[in-house]
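# Understanding the architecture of this molecule
Take a look at the letters that make up each chain.
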Amino acid sequence: MPRDHRPAKSVRVLLAEDQKMMRGALALLLGMEPDIEVVAQVSAGDEIVDAVLVSRPDVALLDIELPGMSGLDAAAALRDQAPDCRVLILTTFGRPGYLRRAMEAGAAGFLVKDGPVEELAEAIRRVLTGETVIDPALAAAALSAGPNPLTARECDVLKASADGATVADIAGKLHLSESTVRNYLSSAIGKTGTRNRMEAMREARQQGWL
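About the cut-offs
Residues numbered from 1 in each chain as written. Predicted model: local features only at pLDDT ≥ 70, side-chain atom pairs only at ≥ 80, totals over all residues. Heavy atoms only, no water. Helix = DSSP H or I, 4+ residues; strand = E, 2+ residues; numbered from the N terminus. pLDDT = per-residue confidence, 0-100. Contact = heavy atoms within 4.5 Å. Core = buried A, V, L, I, M, F, W, Y, C linked by side-chain atoms within 4.5 Å. Buried < 20%, exposed > 50% of the residue type's maximum accessible area, 1.4 Å probe, protein only. 1 Å grid on protein atoms, 1.4 Å probe; cavity = no way out; pocket = protein on both sides within 12 Å on 5 of 7 lines; lining within 4 Å. Points joined across faces, edges and corners; volume = space filled by probe spheres on them. Nonpolar A, V, L, I, M, F, W, Y, C, P; charged D, E, K, R; others polar.

### So, unusual backbone geometry
- Its identity as a non-glycine residue notwithstanding, Arg56 has a phi of 50°, on the positive side.
- Its place among the elements puts Arg56 in the loop between α2 (48–55) and β3 (59–62).

The following block contains the structure:
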(Lines give C-alpha, C1' and ligand atoms only; values in the text may rest on other atoms or scores of the structure.)
Protein backbone atom coordinates (compact mmCIF):
# COMPACT_ATOMS: atom_id res chain seq x y z
CA MET A 1 0.00 0.00 0.00
CA PRO A 2 1.54 3.37 -0.98
CA ARG A 3 2.41 5.79 1.78
CA ASP A 4 -0.31 8.19 0.61
CA HIS A 5 -2.94 5.52 1.26
CA ARG A 6 -2.22 4.89 4.92
CA PRO A 7 -5.05 4.00 7.27
CA ALA A 8 -6.65 6.94 9.05
CA LYS A 9 -4.99 5.84 12.29
CA SER A 10 -1.33 4.85 11.86
CA VAL A 11 0.89 3.67 14.70
CA ARG A 12 3.14 6.60 15.56
CA VAL A 13 6.73 5.51 16.29
CA LEU A 14 9.80 7.27 17.70
CA LEU A 15 13.23 5.83 16.86
CA ALA A 16 16.20 6.22 19.22
CA GLU A 17 19.38 4.89 17.60
CA ASP A 18 22.83 6.47 17.63
CA GLN A 19 24.08 4.86 14.42
CA LYS A 20 22.85 7.11 11.62
CA MET A 21 22.83 4.41 8.94
CA MET A 22 20.90 1.97 11.14
CA ARG A 23 18.44 4.68 12.18
CA GLY A 24 17.85 5.68 8.57
CA ALA A 25 17.37 2.08 7.45
CA LEU A 26 14.88 1.38 10.23
CA ALA A 27 12.94 4.55 9.47
CA LEU A 28 12.81 3.68 5.78
CA LEU A 29 11.75 0.07 6.30
CA LEU A 30 9.16 0.83 8.95
CA GLY A 31 7.86 3.70 6.83
CA MET A 32 7.03 1.20 4.12
CA GLU A 33 4.54 -0.50 6.43
CA PRO A 34 1.03 0.79 5.59
CA ASP A 35 0.00 1.32 9.21
CA ILE A 36 3.25 2.62 10.77
CA GLU A 37 4.52 6.20 10.72
CA VAL A 38 7.92 7.23 12.10
CA VAL A 39 7.19 10.63 13.67
CA ALA A 40 10.53 11.33 15.39
CA GLN A 41 14.16 10.19 15.33
CA VAL A 42 16.83 10.87 17.98
CA SER A 43 20.46 9.82 18.33
CA ALA A 44 21.01 10.29 22.09
CA GLY A 45 19.29 8.90 25.14
CA ASP A 46 18.87 12.25 26.84
CA GLU A 47 16.84 13.49 23.85
CA ILE A 48 14.21 10.75 24.14
CA VAL A 49 11.85 12.09 26.78
CA ASP A 50 11.60 15.58 25.28
CA ALA A 51 11.07 14.12 21.80
CA VAL A 52 8.30 11.85 23.08
CA LEU A 53 6.56 14.71 24.88
CA VAL A 54 6.64 16.78 21.67
CA SER A 55 5.83 14.15 19.03
CA ARG A 56 3.54 11.96 21.15
CA PRO A 57 4.36 8.57 19.59
CA ASP A 58 2.36 5.47 20.42
CA VAL A 59 5.55 3.38 20.59
CA ALA A 60 9.14 4.38 21.37
CA LEU A 61 11.67 2.05 19.76
CA LEU A 62 14.86 2.38 21.83
CA ASP A 63 18.40 1.10 21.51
CA ILE A 64 20.11 0.43 24.87
CA GLU A 65 23.61 1.81 24.48
CA LEU A 66 23.06 5.47 23.62
CA PRO A 67 25.09 8.58 24.42
CA GLY A 68 23.78 10.76 27.23
CA MET A 69 21.42 8.21 28.78
CA SER A 70 20.87 4.51 28.20
CA GLY A 71 17.69 3.30 26.58
CA LEU A 72 16.89 1.46 29.81
CA ASP A 73 17.08 4.66 31.86
CA ALA A 74 15.02 6.45 29.22
CA ALA A 75 12.39 3.69 29.40
CA ALA A 76 12.08 4.23 33.15
CA ALA A 77 11.74 7.99 32.62
CA LEU A 78 9.04 7.47 30.00
CA ARG A 79 7.11 5.22 32.36
CA ASP A 80 6.80 8.18 34.70
CA GLN A 81 6.50 11.08 32.24
CA ALA A 82 4.72 9.53 29.24
CA PRO A 83 2.92 6.42 30.54
CA ASP A 84 0.75 6.13 27.41
CA CYS A 85 3.83 5.57 25.24
CA ARG A 86 4.73 1.89 24.93
CA VAL A 87 8.47 1.13 24.94
CA LEU A 88 10.05 -1.52 22.75
CA ILE A 89 13.78 -2.17 23.25
CA LEU A 90 15.69 -3.10 20.10
CA THR A 91 19.35 -3.89 20.68
CA THR A 92 22.40 -5.62 19.29
CA PHE A 93 23.19 -6.96 22.75
CA GLY A 94 20.80 -9.75 23.70
CA ARG A 95 21.96 -10.06 27.29
CA PRO A 96 19.75 -11.65 29.96
CA GLY A 97 20.51 -8.88 32.46
CA TYR A 98 19.41 -6.25 29.95
CA LEU A 99 16.08 -8.01 29.50
CA ARG A 100 15.41 -8.09 33.23
CA ARG A 101 16.34 -4.43 33.57
CA ALA A 102 14.14 -3.51 30.61
CA MET A 103 11.13 -5.21 32.14
CA GLU A 104 11.81 -3.54 35.48
CA ALA A 105 11.91 -0.20 33.64
CA GLY A 106 8.46 -0.81 32.21
CA ALA A 107 9.37 -1.85 28.66
CA ALA A 108 6.65 -3.71 26.77
CA GLY A 109 9.03 -5.59 24.51
CA PHE A 110 12.63 -6.60 23.90
CA LEU A 111 14.02 -7.72 20.53
CA VAL A 112 17.48 -8.11 19.05
CA LYS A 113 18.41 -6.38 15.81
CA ASP A 114 19.11 -9.47 13.72
CA GLY A 115 15.42 -10.24 13.15
CA PRO A 116 13.43 -9.37 10.00
CA VAL A 117 11.70 -5.99 9.78
CA GLU A 118 8.33 -7.75 9.40
CA GLU A 119 8.85 -9.25 12.87
CA LEU A 120 9.68 -5.83 14.28
CA ALA A 121 6.62 -4.24 12.66
CA GLU A 122 4.42 -6.97 14.10
CA ALA A 123 5.98 -6.48 17.53
CA ILE A 124 5.16 -2.76 17.35
CA ARG A 125 1.54 -3.59 16.60
CA ARG A 126 1.38 -6.15 19.38
CA VAL A 127 2.81 -3.97 22.14
CA LEU A 128 0.30 -1.29 21.17
CA THR A 129 -2.53 -3.74 21.94
CA GLY A 130 -1.11 -4.34 25.40
CA GLU A 131 0.95 -7.46 24.74
CA THR A 132 4.49 -8.01 25.98
CA VAL A 133 6.81 -9.16 23.19
CA ILE A 134 10.15 -10.76 24.06
CA ASP A 135 12.68 -12.57 21.90
CA PRO A 136 12.06 -16.25 22.84
CA ALA A 137 15.72 -17.29 22.97
CA LEU A 138 16.58 -14.34 25.17
CA ALA A 139 13.64 -15.04 27.49
CA ALA A 140 14.90 -18.60 27.99
CA ALA A 141 18.44 -17.36 28.63
CA ALA A 142 17.20 -14.82 31.18
CA LEU A 143 15.30 -17.50 33.09
CA SER A 144 18.35 -19.76 33.25
CA ALA A 145 20.71 -16.93 34.18
CA GLY A 146 18.81 -15.89 37.27
CA PRO A 147 18.62 -12.41 38.79
CA ASN A 148 21.42 -9.87 39.06
CA PRO A 149 23.40 -10.78 42.21
CA LEU A 150 24.93 -7.31 42.52
CA THR A 151 23.41 -4.61 44.69
CA ALA A 152 22.77 -1.15 43.25
CA ARG A 153 25.78 0.23 45.14
CA GLU A 154 28.05 -2.55 43.90
CA CYS A 155 26.95 -1.71 40.36
CA ASP A 156 27.66 1.98 40.97
CA VAL A 157 31.16 1.22 42.21
CA LEU A 158 31.93 -1.06 39.26
CA LYS A 159 30.72 1.56 36.79
CA ALA A 160 32.85 4.19 38.50
CA SER A 161 35.92 1.96 38.32
CA ALA A 162 36.09 2.19 34.52
CA ASP A 163 39.02 3.87 32.75
CA GLY A 164 41.52 3.05 35.46
CA ALA A 165 39.89 5.07 38.25
CA THR A 166 41.59 4.62 41.62
CA VAL A 167 39.78 3.72 44.83
CA ALA A 168 40.21 7.34 45.90
CA ASP A 169 38.68 8.53 42.61
CA ILE A 170 35.69 6.24 43.06
CA ALA A 171 35.24 7.28 46.67
CA GLY A 172 35.25 10.96 45.72
CA LYS A 173 32.84 10.47 42.83
CA LEU A 174 30.33 8.47 44.86
CA HIS A 175 30.83 10.30 48.17
CA LEU A 176 31.90 7.14 49.96
CA SER A 177 34.88 6.30 52.15
CA GLU A 178 37.74 4.42 50.54
CA SER A 179 37.21 1.46 52.86
CA THR A 180 33.56 1.26 51.83
CA VAL A 181 34.56 1.31 48.16
CA ARG A 182 37.02 -1.52 48.76
CA ASN A 183 34.31 -3.55 50.51
CA TYR A 184 31.89 -3.06 47.59
CA LEU A 185 34.57 -3.98 45.06
CA SER A 186 35.54 -7.08 47.01
CA SER A 187 31.93 -8.16 47.24
CA ALA A 188 31.35 -7.59 43.52
CA ILE A 189 34.48 -9.56 42.62
CA GLY A 190 33.31 -12.45 44.77
CA LYS A 191 29.78 -12.48 43.33
CA THR A 192 31.02 -12.42 39.73
CA GLY A 193 33.61 -15.14 40.36
CA THR A 194 36.41 -12.99 38.96
CA ARG A 195 39.93 -12.09 40.10
CA ASN A 196 39.89 -8.31 40.13
CA ARG A 197 37.63 -5.32 39.65
CA MET A 198 38.29 -4.95 35.92
CA GLU A 199 37.33 -8.57 35.32
CA ALA A 200 34.29 -8.06 37.55
CA MET A 201 33.22 -5.02 35.53
CA ARG A 202 33.64 -6.89 32.22
CA GLU A 203 31.65 -9.86 33.50
CA ALA A 204 28.88 -7.62 34.84
CA ARG A 205 28.68 -5.78 31.50
CA GLN A 206 28.63 -9.05 29.58
CA GLN A 207 25.71 -10.25 31.69
CA GLY A 208 23.87 -6.97 31.21
CA TRP A 209 23.95 -6.10 34.91
CA LEU A 210 25.53 -2.67 34.32
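### Notes on the confidence of the model for the chain
- Here the chain averages 86 in pLDDT, and 92% of its residues register 70 or above.
- Note that residues 1–7 has pLDDT below 50 and, in this model, 13 contacts with residues that lie over four places away or in other chains.

### A look at the nonpolar core
- The biggest cluster of nonpolar side chains holds 28 residues, and the ones touching the most others in it are Leu14, Ile48, Leu62, Leu78, Ile89 and Phe110.
- When contributions to this core are tallied by element, the ones reaching two or more residues are β1 (11–16), β2 (36–42), α2, β3, α3 (71–81), β4 (86–91) and α4 (96–104).
- Ranked by size, the runner-up nonpolar core spans 21 residues in total, among them Val13, Leu26, Val38 and Ala108.

### With respect to the layout of surface pockets
- Approximately 230 Å³ is the volume found for the largest pocket.
- Contributing to the lining of the largest pocket are Ile64, Glu65, Leu66, Met69, Ser70, Leu72, Asp73, Tyr98, Arg101, Lys159, Arg205 and Leu210.
- Elements supplying a minimum of two residues to the lining of the largest pocket: α3 and α4.
- Here the lining of the largest pocket is composed, by residue class, of six nonpolar, one polar and five charged.
- In this structure, the second largest pocket occupies an estimated 150 Å³ of space.

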